[in-house]
Each structure stands twice: as C-alpha cells, then as structure tokens.
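Read off the chains here:
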Amino acid sequence: MTRRRPDEIRSFLETGKGRRRTLSRRAVLRGVGGAAVALPLLEVMWDDAEVRAAGEPTRYGVFFMGQSLGGDGDSIPNHYVPDTVGPGYDLKTALAPLGAAGVQDYVSVISNLEIPYAPNSNPGAAPPAGRVADFHISSLSPLHSGMRSNGSMIQGVTSDQLVAEAIGQDTVFKNLVYTVQAAWYLSVSAPYGRDIMSVKSDANGLIEVPGTVSPKQAFDSLFFNFSPPDDPEAAAAQDFAWRRRKSILDVVKGRAEKLVQKLGGEDRVRLERHLDELRDLEQRVAMIPPVVGGQCQAPTDPGTDPPLGGNQPDGGYDQNNGYSNEDLRAQVFMDMVHMAFTCNLTRVAAVLLTHAQSHMNAYEITGYPLDIHELGHSHAPGSMYRTDQVATGNAWHVKHFAYLVNKLAGTPEGTGSVLDHSALLLVNEGGKGYDALDDSNDSAHSTENMACLLAGGAGGLRMGEHIVASGEHRHPGNVILAAMNAVGYQTNTFGEVTNGPMPGLVG
C-alpha cells in the first residue's frame, strides 16, 4: 500500500510559486478501497469561503457518573449545587475541581432537573421519558435516550449515536465509546446494563454498544497508523504490524462469513452485526492518518493497562479489591478524547466514568472505605454525613471532566479554542429526594433535584453560570437536547422529550 507522507501533503498544498492553495474544510485524504479520513482544521483552510460561512467543526461529548448527589437520610441535600445563581457561582465540595483546574468560567451548572417516575401504587408503569419506581438502572434510558424505562436496557438510540449520525459521517470514527470502570467488581451478580450508556439501531432493532475498557486498545485504534516516525527501523516495524493486523482481520472476516451460512435466527443477526463491525474496523485500519503537526500530535502511548483489581468478597468489603487504577485510566481516556477531537478523528465521544450502582472501590479516590454506591447509603468510620462522602465521589468524576475541559480550552483552533466549538455534558445517575418504591424522602434512590454540568461554547452556549431549570423544561433531556442542537443536531425532540431544548442555555 502506498501512503502519502507529510512532505508529499505539503507539496500538494504548495503551488509552483510557493503560494499556498486554498483547501476545503471538507477535504479528505483517500486510501485503499476508497477509505478516507477528514483532515484537521488547517491554516490553508482559512482562505476557504465555506469555512468563513460555516465556522469550525463542532464536537459533542457526554460523560456519565454512576452516583447520585446526596446521601440517604441526610438533612443536607447535597454539596454539589451552588447557592449562587448566575455567573461567579460558589464551588462546593463536589465542584471544587472546577476551580482547581481553572475552568469554572467555561462550565455551567444546570440544577433543579428531574426525571419523572412511576407512582408507588403502580411501580412498573413508567411515564413518558420517565422511569419505573425501582431506581437502579431505570434512570439510564430516560437520561441517555429520552425514552421511558422498562426496568432494564436503554429503550432508544442514545444522544451520542444520534449526534454521530448528524456530524460524524466524514471522520475516521463516527463516535468513540469508552468505559473507565474496568470491571463490575462483584462475583455474585452482573451489571445487567449498568455498564452501558451508548445504544444504536439497525433494521433489526436496538444494539447496545459496550465501551472500550482497555486504554491500550483505545490508543492503538486511534493512533495506530499516524505518520510513521523518522526512524526507518521503527517505521518498518510499524508497517509490518499494520500489515499483520490487516491480515488477521481478513482471516477472521472470511471465516465468519462462512459461518453465517450455517446459522439461523438471532445468531445469524448477531454474527452479521459483528461482521459489519469487522468491515468498519478494516476500513479504519486502511485509512491514511491525519496530518500530524501543530496541535495534532499523538499522545504518549499508555503502555500496558493497569492490572485488574479483584472482586469484593460476597457480602463484604475488602479495601484492597475493587479498584484497577481508574484514576489513571480516566486521565488516559480524557487525553485520547482531547486529541481525537483536536485531530478531527472523531467529533463525538461517550465516556462512562463509573457504572450505574457502581461497585468500584472508593477508598483510593476518596479515602472512605466504601464502594461508590455505598457512599450514599453507609456511614464510613469518622464520617458524620453521607452527603459529605457522596460529594467526594462526585468530585473525583468532576476532576476528570475538568481536566478535559482545561485541555480543550488550551488547544487553539481558528480564532478560539476547540472548547469554543464543543458541547460537553457530565450527567449523574440520580439526585436526591423522594423514593417512590420505598415511599421515603431524602433518598439517594431518587431522580428529583438532579443537576448536570455543561461546558463549551458551541452554538453560542452560555458558559460559567449556574442556571436553575423551571417550568416544563426540567428533564435532563431538555439540557441534552440543547447541547445536541448546539453542535448541529437540528431536531426538537429527544426520544419522548418532545417539548424542545431547555431555553436560556444559548445567548
């Protein structure tokens, strides 16, 4: 396979007199079999009238934390939502990382949100865009797809997949889906959908999209065929590895296609879907990498993944189990999202930081000998309030969100930054308030009094304010829809959230 080297690309951009040619923002580099990759925004594109009219590419990111905002039975609602409304809001424990990272002015807090829920008298009857009364897993469908929950998997196409169809067609990856929490960490049960935040569809129905858990695998997929290094031996080794990977895909695909003929029913559908993924991967492997230079640089190879921590003992807690250095994993994934956005490898990302009802050990990140889920339900030694514990867990998630916001804000693009052309959301599993199933107040098993973070300036989004939702636009889906609209998804419905985006977020 012949590849176009960076010096050849530069030659293409230059005229015989040394004057730079203009290049369309939609320009692509084409490789084998018609595979193509969109270029990052280059200076040469600034002379293009299309860019002057359309502006820079937009990016969308949604990030999820499997935790509510407050603790059971605690009179303190939370240490998350600011007391001050508008700009210059106060930073409580959960949002303190915004100040530490210097990104408060880029991040708005949207509070007083609520996902409607089934009444105690009929706990299985979820209202439109709502959930059944049983809390865990039931908030995921209305939160991520705007569709009512049936108590199990997400019931509609999720926001990341919808946006990817709208703005991700001409990038190498339509979207990225990552999972930071490396395992379920219990041997007595399974996540049963608590580890899913991305769902797409085809002619056969909805398809759950598990996130990539391995940072090393994610790195290799994104940056495997960036321009070879100057070292000839290293370049030869990379070329050999690329050809070997391509050969393996050919073998696997060929064998799978033969197997399809022997199957029927759902197995055939599953395998055909898998083949579609293989064909997509094959095309990505064949793609020519972006032009490396300026802000677009491959991040440092993360190397071997941190070792997996063991499961918690049945019915107990071991301070040494349930953790796989998720703090490092989160940073690596955020680094990859940052550079994937910067290099225009993708414009959409969904990152699940912790599972819903997360059993990741919180000790390493909060100092409390509990898992993330139990921060809201149990008192740790030396802690008077569950809400204090919950806030430290929230703060860990916010820290990594703030880290990415800071990197995007510091990456120049056009007349602003990559963050100026992005919309990023950090959403929670729940809030704190009434639990319909148990008919109790001050519960962490509630979707009352929810909040989320919205960062970036795409589409004129307001940054750095605390905005209190009111009226009929209090569903998290109203906020999500506003972010989707800001990056180019021009529809006023999101699943069963049919009353449009939340007003007041743009301007």
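Here the structure is a predicted model, which means the values were calculated and not measured.

Criteria and thresholds
Residues numbered from 1 in each chain as written. Predicted model: local features only at pLDDT ≥ 70, side-chain atom pairs only at ≥ 80, totals over all residues. Heavy atoms only, no water. Helix = DSSP H or I, 4+ residues; strand = E, 2+ residues; numbered from the N terminus. Buried < 20%, exposed > 50% of the residue type's maximum accessible area, 1.4 Å probe, protein only. Contact = heavy atoms within 4.5 Å. Areas by Shrake-Rupley, 256 points an atom, 1.4 Å probe, with all protein chains shown as cover. Expected span 1.5 Å × (residues − 1). Phe/Tyr/Trp six-rings, centres within 6.5 Å; stacked < 30°, edge-to-face > 60°. Pairing = 2+ DSSP bridges. pLDDT = per-residue confidence, 0-100. Salt bridge = Lys/Arg side-chain N within 4 Å of Asp/Glu carboxyl O. Core = buried A, V, L, I, M, F, W, Y, C linked by side-chain atoms within 4.5 Å.

Peer 1: Looking at this structure, I do not really get the overall build of the chain. What am I missing?
Peer 2: Regarding its fold elements, the chain presents 12 helices and 16 strands. Within the chain, buried positions represent 52% of all 507 residues. For the chain, restricting intrachain contacts to residue pairs at least 6 apart in sequence, the fraction spanning at least 24 positions comes to 68%. Carbon and sulfur atoms provide 49% of the accessible area of the chain, an area that totals close to 20900 Å².

Peer 1: Please clarify how unusual backbone geometry should be interpreted in this entry.
Peer 2: Backbone geometry follows two general trends: most residues other than glycine have a negative phi, and most peptide bonds adopt the trans configuration. Positive phi, close to 65°, is recorded for Asn-112, a residue that is not glycine. Its location among the elements puts Asn-112 in strand β5 (residues 107–113). One non-glycine residue with positive phi stands out, namely Asn-325, at about 55°. Inspection of the secondary structure puts Asn-325 in the loop between α8 (265–286) and α9 (326–342).

Peer 1: I keep staring at α9 and nothing clicks. Help me out?
Peer 2: Within an α-helix, residues lying three or four positions from one another point in the same direction, as the helix has 3.6 residues per turn. In this model, α9 (17 residues) spans 24 Å end to end at C-alpha, consistent with the 24 Å of a helix rising 1.5 Å per residue. Across the 17 residues that make up α9, a large majority, 14, are buried. Immediately beyond the C-terminal end of α9, within one or two residues, lies Asn-344, with a positive phi of roughly 60°.

Peer 1: Would you take a moment to explain the packing of aromatic side chains for this structure?
Peer 2: The relative placement of two aromatic rings is captured by the distance of their centres and the angle of their planes. Within the structure shown, the criterion is met by 4 aromatic pairs. Where Phe-63 meets Phe-401, the ring centres are 5.7 Å apart and the plane angle is 75°; that geometry is what we call edge-to-face. Of this pair, Phe-63 sits in strand β3 (residues 59–65) while Phe-401 sits in helix α11 (residues 386–409), and the two are 338 residues apart along the sequence. On the basis of relative accessibility, which here comes to 0%, the residue Phe-63 falls in the buried class. On the basis of relative accessible area, Phe-401 is assigned to the buried category, the value being 1%.

Peer 1: Explain the sheet that holds strand β16 (residues 465–468) to me, please; I cannot follow it from the model alone.
Peer 2: Sheets are built from strands paired through backbone hydrogen bonds, the pairs being either parallel or antiparallel. As summarised here, the arrangement of the 8 strands in space is β4-β16-β5-β15-β12-β3-β9-β6, forming an open sheet in which the pairing is mixed. Both edges of this open sheet fall to β4 (86–87) and β6 (176–179), since each of them pairs with a single strand only. Alignment of β5 against strand β15 (residues 450–455), held across 5 bridges, turns out to be antiparallel. Considered in β15, the bridge of Val-107 is made with Ala-455.

Peer 1: Looking at this structure, I do not really get the confidence of the model for the chain. What am I missing?
Peer 2: As a general rule, the predicted coordinates of low-pLDDT regions are not to be interpreted in detail. Looking at the chain as a whole, its pLDDT mean stands at 85, while 77% of the residues score no less than 70. Note on residues 1–53: pLDDT is under 50 here. Beyond four places in sequence and across chains, it has 93 contacts.

Peer 1: Honestly, the pairing of β16 in this entry has me stumped. Any pointers?
Peer 2: Each regular strand shows side chains that alternate between the opposite faces of the sheet. As defined by bridge partners, β4 adjoins β16 across 2 bridges and the pair is classed as antiparallel. Counted as the bridge partner of Gly-86 is His-466 from β16. In this structure, β5 lies alongside β16, joined through 3 bridges in parallel fashion. The residue of β16 that forms the bridge with Val-109 is His-466.

Peer 1: I'm lost on the pattern of salt bridges in this one. Help?
Peer 2: Opposite charge on two side chains allows them to pair when their charged atoms are near. Taken as a whole, this structure holds 11 salt bridges when the rule is applied. Here Asp-327 ties to Lys-399 by a salt bridge, and the two come within 2.9 Å at their closest N and O atoms. Here Asp-327 is found in helix α9, whereas its partner Lys-399 is found in helix α11, with 72 residues between them in sequence. Looking at Lys-399, the relative accessible area reads 35%, which means it is partly exposed.

Peer 1: What exactly am I supposed to notice about the side chain of Ser-417 here?
Peer 2: Counting through the fold element by element, Ser-417 comes out in strand β11 (residues 416–417). Excluding its chain neighbours within four sequence positions, the residues that come into contact with Ser-417 are Leu-408, Ala-409, Thr-411 and Pro-412.

Peer 1: What am I meant to see in helix α5 (residues 159–167) here?
Peer 2: By the burial criterion, the buried members of α5 are Ser-159, Asp-160, Gln-161, Val-163, Ala-164 and Ile-167. In this fold, the buried residues of α5 make contact with β3, α4 (140–144), β6, β7 (199–202), β9 (348–352) and α12 (476–487).

Peer 1: What is the right way to read the nonpolar core from this model?
Peer 2: One recurring pattern in soluble globular proteins is that nonpolar side chains are buried together. With 63 residues, the main nonpolar core has Tyr-80, Leu-98, Val-107, Leu-222, Phe-401, Leu-424 and Leu-453 as its most contacted residues. Those residues within four positions of Val-107 in sequence are excluded, and the remaining contacts are Tyr-89, Leu-98, Phe-401, Val-405, Leu-453, Leu-454, Ala-455, Gly-464 and Glu-465. Judged by nonpolar contacts, the second largest core, of 44 residues, contains Ile-115, Val-348, Leu-425 and Met-450.

Peer 1: Hey, could you run me through the pairing of strand β8 (residues 205–208) in this one?
Peer 2: In this sheet, β8 lies alongside β7 in antiparallel orientation, the contact comprising 4 bridges. Residue pairing in the sheet places Val-199 in a bridge with Glu-208 of β8. Between β7 and β8, which pair antiparallel in sequence order, lie 2 residues.

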